[in-house]
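Chain by chain, the residues run as shown.
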Amino acid sequence: MTAGICALSAFTLGWIGGFRINLTPSEPLGLWHIVPLDRPAVVGDVVFICPPVTATMREARERGYLRRGRCPAGYAPLIKTIAGVAGQDVEVGADVWIARHAVPRSSVSMVDGKGRPLARFNGGVIQTGHVFVHSTFIGSFDSRYFGPIPTSGILGQAQEVWTYAP
């Protein structure tokens, strides 16, 4: 019982202190810390961001792409790299181009791991108040598929504490 109380206390303190455990391959596995972002997000920032409440995200949750968490609609925050910001033009074909530059390791899959078709973002200019998020992991569910998402969902920068990449 003491071990259970200690584990619950550690979890609660970690949650309140902004610590999260990443169990998805989109970024290294392990312990991360949410660090407040006191400036606008820029390309290259790795952030924790809450997915917006949309039909696309509901379907993603049903398909198992998103986990349960404390974001609106019960989603867990995503850990992603900002690949594009407001005003930049995004082209999505076999891979992604932002502001006429190829995004490394951004090939676009037509189907998910279970063979189900994946919708993809059609491209366009990133609107004010939105960012294009990306992960170099080939199976990542990111803006290649759901498009830019609101910056209002950014919880903070994602800082690795104790992680490893399998």
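Structural data are supplied above this passage.
Since we're looking at a predicted model, the values are computed, not measured.

Draft legend 1. A look at the state of the cysteines. Taken as a whole and judged by the stated rule, the model has one disulfide. Put simply, Cys 50 and Cys 71 are joined by a disulfide, and their sulfur atoms are 2.0 Å apart. Because the torsion about its S-S bond is -75°, the bridge between Cys 50 and Cys 71 counts as left-handed. Of this pair, Cys 50 sits in the loop between strand S3 (46-49) and helix H2 (55-63) while Cys 71 sits in the loop between H2 and strand S4 (78-85), and the two are 21 residues apart along the sequence. We classify Cys 71 as buried; its relative accessible area is 5%.

Draft legend 2. Main features of the packing of aromatic side chains. In total, this model carries four aromatic pairs according to the counting rule given. Both rings, one in Tyr 65 and one in Phe 141, keep their centres 5.0 Å apart while their planes meet at 45°; by these two values the pair is tilted. In this pair, Tyr 65 sits in the loop between H2 and S4 while Phe 141 sits in the loop between strand S9 (130-134) and helix H3 (143-146), placing the two residues 76 residues apart along the sequence. The class for Phe 141 is buried, based on a relative accessible area of 12%. Taking 6.2 Å as the distance between ring centres and 55° as the angle between the ring planes, the aromatic pair formed by Phe 121 and Phe 132 counts as tilted. Taken together, the residues Phe 121 in the loop between strand S7 (101-102) and strand S8 (124-125) and Phe 132 in strand S9 connect sequence positions 11 residues apart. Its relative accessible area of 17% is what places Phe 121 among the buried residues. Put simply, the rings of Tyr 65, Phe 141, Tyr 145 and Phe 146 touch in pairs and so form one group of aromatic residues.

Calculation rules
Residues numbered from 1 in each chain as written. Predicted model: local features only at pLDDT ≥ 70, side-chain atom pairs only at ≥ 80, totals over all residues. Heavy atoms only, no water. Disulfide = S-S within 2.5 Å. Helix = DSSP H or I, 4+ residues; strand = E, 2+ residues; numbered from the N terminus. Buried < 20%, exposed > 50% of the residue type's maximum accessible area, 1.4 Å probe, protein only. Phe/Tyr/Trp six-rings, centres within 6.5 Å; stacked < 30°, edge-to-face > 60°.

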